[in-house]
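# Summary of the model geometry
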Amino acid sequence: MLASARSGMLHALFLNRWLHLTAGGAASVGLAYVAVRSLAWGEVIRTFQSFPVVYAALSLLPLAAAMLLRTARWHVLLHGEPATFGQVFVTQNTGIGLNNLLPIRMVSEPVQMVLVTRRYKVPSPMALATLVAGNILDIFATGLLMLVGVWLVPGLRDGRIGIHLFGAFVMFVVSMLVFVAVSRGLGAIPIANRMRFFQRLMVAATLLRGRPLRLWASFGATLAHWLLLGVAGWGLAVGLGMDVHPLTMATILVAATFFTSAVPSLPGGLGTYHFAIISMLNALDVDPAASFSFAIVMHLMVFAPSSAIALGMMSRVGMTFLLRSEPHTAEARSAPAGTAPGESEE
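Owing to the predicted nature of the structure, the values given are computational and were not obtained by experimental measurement.

We now examine the pattern of salt bridges. Opposite charge on two side chains permits pairing when their charged atoms draw close. For the structure shown, the criterion picks out one salt bridge. A salt bridge links Arg73 to Asp138; its shortest N-O distance comes to 3.5 Å. With Arg73 in helix α4 (residues 53-75) and Asp138 in helix α7 (residues 124-152), this pair connects stretches of sequence that are 65 residues apart. The exposure class assigned to Asp138 is buried, which follows from its relative accessible area of 17%.

The next subject is the packing of aromatic side chains. Counted by the stated rule, this structure contains three aromatic pairs. Aromatic side chains Trp216 and Phe219 sit 6.1 Å apart centroid to centroid with 90 degrees between the ring planes, which places their arrangement in the edge-to-face category. With Trp216 and Phe219 both in helix α11 (residues 212-239) and three residues apart, the pair spans about one turn of that helix. Of the residues examined, Trp216 reaches a relative accessible area of 62% and is grouped as exposed. Taking 5.9 Å as the distance between ring centres and 35 degrees as the angle between the ring planes, the aromatic pair formed by Phe259 and Phe275 counts as tilted.

Here we take up the nonpolar core. Judged by nonpolar contacts, the single largest core of 43 residues is most densely connected at Leu236, Met242, Ile277, Leu281 and Phe294. Secondary-structure elements contributing two or more residues to this core are α4, α7, α11, α12 (246-262), α13 (272-283) and α14 (288-317). Dropping the residues within four chain positions of it, Ile277 is found in contact with Ile252, Leu253, Ala256, Phe294 and Ala295. Grouped together as the second largest cluster of nonpolar side chains are 22 residues, Val107, Met113, Leu131 and Phe321 included.

Okay, the packing of α7 against α11 next. For the pair α7 and α11, the least separation of the axes is 9 Å and the interaxial angle reads 50 degrees. By the criterion of interaxial angle, the relationship of α7 to α11 is oblique. Here the hand of the crossing between α7 and α11 comes out right-handed. Counted together, Leu137, Asp138, Phe140, Ala141, Thr142, Leu144 and Leu145 of α7 and Leu215, Ser218, Phe219, Thr222, Leu223, Trp226 and Leu227 of α11 form the full contact between these two elements. Here the residues of the contact of α7 with α11 sort into ten nonpolar, three polar and one charged.

By the element assignment, Ala308 lies in helix α14. A relative accessible area of 48% places Ala308 in the partly exposed class. For the pair Ala308 and Gly97, spaced 211 residues apart in sequence, the C-alpha to C-alpha distance is 7.2 Å.

On to the confidence of the model for the protein chain, then. Model confidence for the protein chain is summarised by a mean pLDDT of 75, while 64% of its residues fall at 70 or above. Per-element averaging of pLDDT across the protein chain places helix α1 (residues 2-15) at the bottom with 50 and α4 at the top with 94. Scored below 50 in pLDDT, residues 181-195 makes 13 contacts in the model with residues more than four places away or belonging to other chains. Note that residues 328-346 has pLDDT below 50 and, in this model, 37 contacts with residues that lie over four places away or in other chains.

To continue, consider the side chain of Arg70. By the element assignment, Arg70 lies in helix α4. Although Arg70 lies buried, it forms no salt bridge, and the closest oppositely charged side chain, Asp138, sits 8.3 Å away as judged by the N-O distance. Apart from residues lying up to four places away in sequence, Arg70 is in contact with Gln92, Asn93, Ile96, His225 and Ser306.

Here we take up a nonpolar patch on the surface. Nonpolar side chains collect at one region of the surface, where Val54, Tyr55, Leu58, Leu61, Val231, Trp234 and Val238 lie side by side and expose about 640 Å² of accessible area between them. Contributing elements (two or more residues each) for the nonpolar patch: α4 and α11. If you trace the backbone, Leu58 turns up in helix α4. We classify Leu58 as exposed; its relative accessible area is 52%.

As a further point, take the environment of Leu98. Summarising the element assignment, Leu98 is placed in helix α5 (residues 85-101). For the pair Leu98 and Gly268, spaced 170 residues apart in sequence, the C-alpha to C-alpha distance is 9.1 Å.

Where α4 contacts α14, the axes come no closer than 11 Å and their chain directions differ by 55 degrees. What the angle tells us is that α4 and α14 run oblique. Considering the relative orientation of α4 and α14, their crossing is right-handed. Seen from α4, the contacting residues are Ala56, Ser59, Leu60, Leu63, Met67 and Arg70; seen from α14, they are Met301, Pro305 and Ser306. Of the residues in the contact of α4 with α14, the class split is six nonpolar, two polar and one charged.

Moving on, we get to the side chain of Ser293. As for its placement among the helices and strands, Ser293 is situated in helix α14. For Ser293, the contacting residues outside a window of four places in its chain are Val44, Thr47, Phe48 and Leu240.

So, how was this worked out
- Residues numbered from 1 in each chain as written.
- Predicted model: local features only at pLDDT ≥ 70, side-chain atom pairs only at ≥ 80, totals over all residues.
- Heavy atoms only, no water.
- Salt bridge = Lys/Arg side-chain N within 4 Å of Asp/Glu carboxyl O.
- Helix = DSSP H or I, 4+ residues; strand = E, 2+ residues; numbered from the N terminus.
- Buried < 20%, exposed > 50% of the residue type's maximum accessible area, 1.4 Å probe, protein only.
- Phe/Tyr/Trp six-rings, centres within 6.5 Å; stacked < 30°, edge-to-face > 60°.
- Core = buried A, V, L, I, M, F, W, Y, C linked by side-chain atoms within 4.5 Å.
- Contact = heavy atoms within 4.5 Å.
- Axes fitted to C-alpha atoms, helices over the stretch in contact; angles between N-to-C directions.
- Parallel < 35°, antiparallel > 145°, perpendicular 65-115°, else oblique.
- Left-handed = near helix turned anticlockwise from the far one by under 90°.
- Nonpolar A, V, L, I, M, F, W, Y, C, P; charged D, E, K, R; others polar.
- pLDDT = per-residue confidence, 0-100.
- Lys, Arg positive; Asp, Glu negative; His and termini not counted.
- Patch = residues over 30% accessible without salt bridge, like charges linked within 9 Å, V, L, I, M, F, W, Y side chains within 5 Å.
- Areas by Shrake-Rupley, 256 points an atom, 1.4 Å probe, with all protein chains shown as cover.

Rendered as structure tokens:
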């Protein structure tokens, strides 16, 4: 049933791809025009001619560490399950990469669920519970980071960056409200208590609540992921002669990511992501040519690795693997109540 629902969701999303692409294209082109209409292109060309390749290469180190920590956020919650760290890394980045490449920016979690259950045999309830828990911890971490950034960074505290941080906070609040509604309502749905999958899902969620150390470790990995992403952006910014604090950069990148997720855009967030980065840096009195160069390169650094992994995985398994219906996928292994499969209580 769960596999059929996931496949049906993917089918429906792909059927509406042209509507998404049209709306995203219009939004991306419009925002990109607003971002670059006042650029001095001669300055942009000179900035790229003297581009700090060494700084960009060094920035790849914290970026790679950030990607590994993002995987650790989920893998630490899957302790005792058959998926290895490398398999979780590929699964997570395939979902994120396809989300980047497609005009439908709602396929990341369904793709990750299909891969981790069908290919790596993680029971569906535990896969869903850990995936949702990781995403909720991500919401808490990014919200905390934005609050600290606004509090400590004068340029953010003075309100010079309005729409992007406001949009990011709106996404944060909406995500939390949805989570509260789902978590409070799941057990209250009468049919859910009589369906085997929902019963196992609630058991899996209960097991996670019984692993506070792993939840804290997942939260720490999530927070470190975003901070290291800020360090990667800060290293690139230093090479471009920009005076931006690493915490400021982390806050900007978080806000840009939320903004890109909230606004329809072309595949990869083209135009929308660049608008968010350029306008926020310009609000901090950064040179427009440097802001544009930073947005182009940072976009490639953030989006290209996951997209390449997704293309590689799809060349191996094919899109039909994700879309076909399998009603009995990755059945949960039997385990005593209150104990994770293959694991004693911590």
